[in-house]
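Observations on chain architecture
Take a look at the letters that make up each chain.
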Amino acid sequence: MSDIKARAQGLSPDTAARDIQKVVGDTGNIYESLAIVSRRARQLAVDLKHELDQKLEEFAEVTDTIEEVVENKEQIEISKFYEKLPNPVLIAMREYLDGELYHRYNERREEDEDDL
């Protein structure tokens, strides 16, 4: 996961215009390309959320009272770091345009086609 964070730090968190011909290049269909990018973005979002939860869990303190809230500077810095990362969709689009994503079609079996 750390390699994703390292590559993501160089990306601009702002959205930018993309060349449609580059996006459509591999699949020939904009909708298929965007489906690939969106699935990868969901994977990245889940992975980053899981990693953040694990890091913040290290600082969790079990207390008996609800009123007592402890703020930890390290915990705040970790949260700020993850907030500054670009949106997972931007990371996934960069991976797709750089040719780092593997995608394939699932072939239907003949028996499935007979049922239709």
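Criteria and thresholds
Residues numbered from 1 in each chain as written. Predicted model: local features only at pLDDT ≥ 70, side-chain atom pairs only at ≥ 80, totals over all residues. Heavy atoms only, no water. Core = buried A, V, L, I, M, F, W, Y, C linked by side-chain atoms within 4.5 Å. Buried < 20%, exposed > 50% of the residue type's maximum accessible area, 1.4 Å probe, protein only. Helix = DSSP H or I, 4+ residues; strand = E, 2+ residues; numbered from the N terminus. Contact = heavy atoms within 4.5 Å. Phe/Tyr/Trp six-rings, centres within 6.5 Å; stacked < 30°, edge-to-face > 60°. Polar contact = N/O pair within 3.5 Å; in protein donor to acceptor, adjacent residues only side chain to side chain.

In the nomenclature of an unreviewed UniProt entry, the protein corresponds to DNA-directed RNA polymerase subunit omega from the organism Neolewinella litorea.

Quick look at the nonpolar core now. One finds Val23, Ile36, Val37, Ala41, Leu44, Ile91, Ala92, Met93, Tyr96 and Leu101 forming the largest nonpolar core, which totals 10 residues. Elements supplying a minimum of two residues to this core: α3 (30–57) and α5 (88–97). Apart from the residues within four sequence positions on either side, Val23 is in contact with Arg18, Ile30, Ser33, Met93, Tyr96 and Leu97. Core analysis: the second largest hydrophobic core is formed by 5 residues, Leu48, Leu56, Tyr82 and Leu85 among them.

Taken as a whole and assessed by the stated rule, the structure comprises 1 aromatic pair. Judged by centre distance (5.5 Å) and plane angle (90°), the rings of Phe81 and Tyr82 are edge-to-face. Since its relative accessible area comes to 29%, Phe81 is described here as partly exposed.

Right, let's talk about the environment of Leu97 for a bit. Among the secondary structure elements, Leu97 is positioned in helix α5. C-alpha separation for the pair Leu97 and Val23, spaced 74 residues apart in sequence, amounts to 6.6 Å.

What follows concerns the environment of Glu57. Take Glu57: it is sitting in helix α3. Along the chain, Glu57 and Gln75 lie 18 residues apart, while their C-alpha atoms are 9.4 Å from each other.

In this section: the environment of Asn72. Residue position: Asn72 is located in the loop between α3 and α4 (73–84). Separated by 13 residues in sequence, Asn72 and Phe59 have C-alpha atoms that sit 7.7 Å apart.

Next up on the list: α5. By the criterion of burial, α5 is predominantly enclosed, with 7 of the 10 residues buried. All buried positions along α5 are accounted for by Pro88, Leu90, Ile91, Ala92, Met93, Glu95 and Tyr96. If you check the start of α5, you find a side-chain oxygen 2.9 Å away from the backbone N of Val89, and it comes from Asn87. Looking one or two residues beyond α5, the residue adopting positive phi is Gly99, at roughly 75°.

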